[in-house]
Amino acid sequence: MKTNKNNKEIDINEVALTVYVDNEAIGKVRSGEINQIRLDINDDNYRLILENVDGHLLLVVDEMPETFHGCYLYNKGVFPYAIKSTLDFLLLKGEEDYCLTRIIGINTEPGVRFRFQGAGKPSVEDANGDSCIWEAQFEIIPVPSESRHYLMRWNPSISSFTEKDYEACVANMEHGMFRINWSIRDWEEARRGDFFYMMRVGDDKAGIVFSGQFLTDPYPGDDWGGSTKRRMYVDMVCMNPAEPQAGSNISLEKLQKAIPSFEWSRGHSGVLLSNNVTEELEKLM
C-alpha cells in the first residue's frame, strides 16, 4: 500500500504499524468517537515500535545500558526508550475494512510490573518489581482516501497569532507537530481530517510556511479581531513548518509562477482549493 507523506509517495510498510481491530472500532475512529489506540510494548512488537540504531535499542536515559533486549525496565516510571522517528501511521485492519490513521501524539506509561529473573527464566508479577511491560497510547486522526484541501492565510502584522507565537510553536513541537486553531471562510464542506496549507502574506517572507490536517469539524467562536461578529474555526495539527527566520517552504514568487491563475497573496483564510490547484501545489511541496 502506498500513501503520501510530505506530498511524496512512500511505502506505507516503512512508516506504519499494522494493528488488527474489529470493524466497529474502525467506524468509531472515522467518526471521531475513538481517537486513541493503546498497545502493549512487549517482546512481540518492540522492534516495530522502538527506535533501533546500529542494531541497538536507543535509550534516552544516560545511566541505562546501551542495549537492553525486550522492554523490561521500569526506570521509576519514566519511559527509557525512544519511539521510532519513522513511525508516522497506524494502519487499522478489520476483517472487511481498513483505515489509515496518522499518529499525532504518543504517551507512554508502565503496565504490568514484574521481577525479571534473566533470559529464559519465568517472570513473576510484582507490583514493586523493577521490570514491566510498557503501554504506548497513540493519538490518531484518520487519513481520508478522498479529502478536501484548504488554503489558510496568515498576516503576522494584523493576526492575533504573532511571529513570537509561531516561534514558540516550532520550538515546542511534539512528534514534529504543533496545534493551533484558525478561522475558516469556506467552512460548509470542511470536515475533520481535511488537509490545509498555511499561506503567510503581507511581508517579504510570504509563501507556504506549514501544512497539516483539521482535527475538528468547523465550530463557531468570537471574532479573533475583537469585533462583535461570529466566525467559524477549526482546530489543526501543523506539520513541516518553515524555520521562523528562514521565510517559507514555497515562496510567493514560486507559487505565482507555477500557478498564476490563483490569487495567492490576497483573500480570506480558509479557501477551498480546486483539484487542479491542489495537484499543482502538491507537485511543488
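Residues numbered from 1 in each chain as written. Predicted model: local features only at pLDDT ≥ 70, side-chain atom pairs only at ≥ 80, totals over all residues. Heavy atoms only, no water.

(A) Quick peek at the packing of aromatic side chains. Using the criterion set out here, one finds 13 aromatic pairs in the structure. An aromatic cluster is defined as three or more aromatic residues linked by ring pairs; in this entry it consists of Tyr 150, Trp 154, Phe 161, Tyr 166, Phe 178, Trp 182, Phe 196, Phe 210 and Phe 214. Across from the ring centre of Tyr 74, 3.5 Å away, lies the NZ or CZ of Arg 113, which sits over that ring. (Phe/Tyr/Trp six-rings, centres within 6.5 Å; stacked < 30°, edge-to-face > 60°. Lys NZ or Arg CZ within 6 Å of the ring centre and 35° of its normal.)

(B) Examining unusual backbone geometry more closely. Backbone geometry places His 175, a non-glycine residue, at a positive phi of 55°. On the basis of relative accessible area, His 175 is assigned to the partly exposed category, the value being 31%. A positive phi angle is found at Asn 240, which is not glycine, with a value near 55°. Position of Asn 240 relative to the elements: it lies in the loop between strand S16 (230-239) and strand S17 (250-251). The exposure class of Asn 240 is partly exposed, given its relative accessible area of 30%. (Buried < 20%, exposed > 50% of the residue type's maximum accessible area, 1.4 Å probe, protein only. Helix = DSSP H or I, 4+ residues; strand = E, 2+ residues; numbered from the N terminus.)

(C) A look at the environment of Lys 229. On the secondary structure map, Lys 229 appears in the loop between strand S15 (219-222) and S16. Residue classification places Lys 229 among the partly exposed residues on the basis of a relative accessible area of 47%. Once you skip the residues sitting within four places of it in the chain, Lys 229 turns out to touch Asp 222 and Asp 223. (Contact = heavy atoms within 4.5 Å.)

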